Amino acid sequence: MKLYNLKDSSEQVSFSQAVKQGLGKRQGLFFPQDLPEFSRDEIDDLLKLDFVSRSQRILSAFIGDEISTEQLADRVQNAFAFPAPVTAVEDDIASLELYHGPTLAFKDFGGRFMAQILAQIAGEKPVTILTATSGDTGAAVAHAFYGLNNVQVVILYPEGKISPLQEKLFCTLGGNIHTVAIKGDFDVCQALVKQAFDDEELKQALHLNSANSINISRLLAQICYYFEAVAQISVEKREQLVISVPSGNFGNLTAGLLAKSLGLPIKRFVAATNVNDTVPRYLAEGSWMPHQTIPTLSNAMDVSQPNNWPRIEELFKRKGWALSELANGVVDDATTQSTMRELAAKGYISEPHAAIAYRVLRDQLQEGEYGLFLGTAHPAKFKESVEATLGQTLPLPVELADRADLALLSHFLPADFSTLREFLMERAPK
Ligand SMILES: *Cc1c(COP(=O)(O)O)cnc(C)c1O
């Protein structure tokens, strides 16, 4: 697989290089040189396969022979070890539930596949993933890399500033996962990580890698569950399918559009955002004008400079699609809450992100169309706001309940780079 840098197309890399590097020169995103396409018959055959076998074929169509079919098959099987069910909510609308993985959010798909690929290409030299988290990403990264050979993970988080359950979710694993509670806030943790990456000696000694969210391996993994959704929908509905994606950095939507470009029958997409609406305003007015980010209930979508947007523009250009065909809508917190109550009255408990996707879909779905909105996180992951909005308590899902009584294995360090450096150097592979 060849990829080019969207900011400088003369920089071309292999899939392995793109995964290791994350970003290209001038912080440019990597984008596939070839956009494979399946015929309608091939799509129909793919839709008959189980999730793992089908995903292996889809990923292999992009990645090619850089990773052998057998090895890729193993990696996909390890990564996609949980289901993505479609649950009917109304006659013409269903939810694609992407939150049945170990950390209860769709980021498990991309995170776990990226981890498997990094372990695959790391070779002899063990890699150290160093990252800072304010909660969610840390949990997904920790679980994704847990138990993998030749990769260790160091996660910094602000001591006392993440929820106790969140902390239990990823600071009780041990093994190759090292969690470090830093006396400081999230920005301090992030600054320490940055300092580490600027330290050449440290970088070399530990083979540091960031495993960040714009990694191409994540996007490719996310294509697979769009196929899984269509496979679960009846043949008549497939022709009239509209998919609504709750969007922050627009990675999820990029993956959906790539699925369509492969030939998957999706009539149209809806990009749903909270009041951080840079993209809807851009689509309406034609000018890119990010505002200050506003905190909302759907905080995973509190993004005013969506980092995957250049990939979407490139894909539309390459495919000759018109951006005017991308439906969109903006939902504020009050409407998010009333929508969560509306869904609960229909017997479906939802959290703020999925509720936003449902709202825009319900408002824009046309006669004869069939709508699917992405459930990006388990309601229990947003327990406080869901319980406050619905006035009811949620049971703890097993993924959280199982870890609630385990001992925390975190190290506690001051907000000081030389102390952190020492801690890391002690863990450098010999
Ligand atoms: C990350 C996230 C989103 C936004 O996804 P993007 O790919 O950044 O657009 C939506 N919902 C939840 C729960 C998330 O964690």
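Note that the structure is predicted; figures quoted are calculated from it, not measured. (Residues numbered from 1 in each chain as written. Predicted model: local features only at pLDDT ≥ 70, side-chain atom pairs only at ≥ 80, totals over all residues. Heavy atoms only, no water.)

Colleague: I tried to follow the pairing of strand E2 (residues 8–14) on my own but got confused; where do I start?
Modeller: Looking along a regular strand, one sees the side chains alternate between the two faces of the sheet. Direction of pairing for strand E1 (residues 2–5) relative to E2: antiparallel, over a ladder of four bridges. Its bridge partner lying in E2, Lys-2 is registered against Ser-14. Linking E1 back to E2 in an antiparallel pair, the connection comprises two residues. (Pairing = 2+ DSSP bridges. Helix = DSSP H or I, 4+ residues; strand = E, 2+ residues; numbered from the N terminus.)

Colleague: Quick question: what am I supposed to make of the sheet that holds strand E10 (residues 241–246) here?
Modeller: Within a sheet, adjacent strands bond to each other through the backbone by hydrogen bonds, running parallel or antiparallel. The six strands lie next to each other as E4-E5-E13-E10-E11-E12, forming an open sheet whose pairing is mixed. The outermost strands of the open sheet, each flanked by one partner alone, are strand E4 (86–90) and strand E12 (327–330). The mean angle between the axes of side-by-side strands here comes to 25 degrees, regardless of whether they run parallel or antiparallel. Pairing analysis gives four bridges linking strand E11 (residues 268–273) to E12, with the strands arranged parallel. Considered in E12, the bridge of Ala-272 is made with Gly-329. Across the face of the sheet, helix H12 (residues 251–261) comes into contact with E10, E11 and strand E13 (370–375) while running at roughly 180 degrees to E11. (Axes fitted to C-alpha atoms, helices over the stretch in contact; angles between N-to-C directions. Contact = heavy atoms within 4.5 Å.)

Colleague: Looking at this structure, I do not really get the UniProt feature "domain: Tryptophan synthase beta chain-like PALP" (unreviewed entry) in the protein. What am I missing?
Modeller: Under the UniProt annotation, "domain: Tryptophan synthase beta chain-like PALP" (unreviewed entry) lies at residues 97–368. Helix and strand shares over residues 97–368 are 47% and 14% respectively, and the end C-alpha atoms of the span are 23 Å apart. (UniProt positions renumbered as here; feature names shortened; annotations may be inferred.)

Colleague: In this structure, what is going on with the environment of Val-230? I would like to understand it.
Modeller: Position of Val-230 among the secondary structure elements: in helix H10 (residues 216–231). A sequence separation of 34 residues divides Val-230 from Leu-264, and the C-alpha atoms of the two residues are 8.1 Å apart. In this structure, Val-230 is in contact with Leu-47, Arg-238, Leu-241 and Leu-264, ignoring residues within four places of it in sequence.

Colleague: I would appreciate a short explanation of the sheet that holds E1 in the present structure.
Modeller: The three strands are arranged E2-E1-E3 in an open sheet whose pairing can be described as antiparallel. The sheet terminates laterally at E2 and strand E3 (30–32), the two strands that pair on one side only. Direction aside, neighbouring strands of the sheet carry axes that sit 40 degrees apart on average.

Colleague: Before we go on, may I ask you to explain unusual backbone geometry in this structure?
Modeller: Trans is the common state for peptide bonds, and a negative phi is the common state for residues other than glycine. Within the chain, His-207 stands out as a residue other than glycine whose phi angle is a positive 50 degrees. Relative to the elements of secondary structure, His-207 occurs in the loop between helix H9 (200–206) and strand E9 (208–209). Residue Phe-250 is not a glycine yet carries a positive backbone phi of 70 degrees. Structurally, Phe-250 is set in the loop between E10 and H12.

Colleague: Teacher, can you tell me more about the site of the ligand here?
Modeller: Around the ligand, the surrounding shell holds 14 residues, and the nearest of these are Lys-107, Gly-248, Asn-249, Phe-250 and Thr-376. Measuring from an oxygen atom of the ligand, one finds a backbone N or O atom of Gly-251 at 3.1 Å. Here a nitrogen atom of the ligand sits 2.8 Å away from a polar atom, N or O, in the side chain of Thr-376. Expressed as a share of its isolated accessible area of 390 Å², the protein-covered part of the ligand is 94%. (Near = heavy atom within 4 Å. Polar contact = N/O pair within 3.5 Å; in protein donor to acceptor, adjacent residues only side chain to side chain. Areas by Shrake-Rupley, 256 points an atom, 1.4 Å probe, with all protein chains shown as cover.)

Colleague: I would appreciate a short explanation of the layout of surface pockets in the present structure.
Modeller: Computed from the structure, the second largest pocket encloses a volume of approximately 320 Å³. The wall of the second largest pocket is formed by Lys-20, Leu-118, Ile-121, Ala-122, Lys-125, Val-127, Phe-197, Lys-203, Gln-204, His-207, Leu-208 and Asn-209. For the lining of the second largest pocket, the secondary-structure elements that each account for two or more residues are helix H5 (107–121), H9 and E9. Residue classes in the lining of the second largest pocket are distributed as six nonpolar, three polar and three charged. (1 Å grid on protein atoms, 1.4 Å probe; cavity = no way out; pocket = protein on both sides within 12 Å on 5 of 7 lines; lining within 4 Å. Points joined across faces, edges and corners; volume = space filled by probe spheres on them. Nonpolar A, V, L, I, M, F, W, Y, C, P; charged D, E, K, R; others polar.)

Colleague: Teacher, can you tell me more about the packing of aromatic side chains here?
Modeller: Using the criterion set out here, one finds 17 aromatic pairs in the structure. Seen in terms of ring centroids, Tyr-226 and Phe-269 are 6.1 Å apart; in terms of plane orientation they differ by 75 degrees. Their pairing is edge-to-face. Linking Tyr-226 in helix H10 with Phe-269 in strand E11, this pair joins segments that are 43 residues apart in sequence. When the centroid spacing of 6.2 Å and the interplanar angle of 25 degrees are considered together, the rings of Trp-288 and Trp-309 count as stacked. Highlighted residues: Trp-288 in the loop between helix H13 (278–285) and helix H14 (309–319) and Trp-309 in helix H14, separated in sequence by 21 residues. In this structure Trp-288 comes out as partly exposed when scored by relative accessible area, which is 33%. Clustering of aromatic rings is evident, with ring pairs tying together Phe-51, Phe-80, Phe-82, Phe-109, Phe-113, Tyr-225, Tyr-226 and Phe-269. Seen from the ring of Trp-321, Lys-260 lies directly overhead, with NZ or CZ sitting 6.0 Å from the centre. The ring of Phe-423 has Arg-427 sitting right over it, with the charged end atom 3.7 Å from the ring centre. (Phe/Tyr/Trp six-rings, centres within 6.5 Å; stacked < 30°, edge-to-face > 60°. Buried < 20%, exposed > 50% of the residue type's maximum accessible area, 1.4 Å probe, protein only. Lys NZ or Arg CZ within 6 Å of the ring centre and 35° of its normal.)

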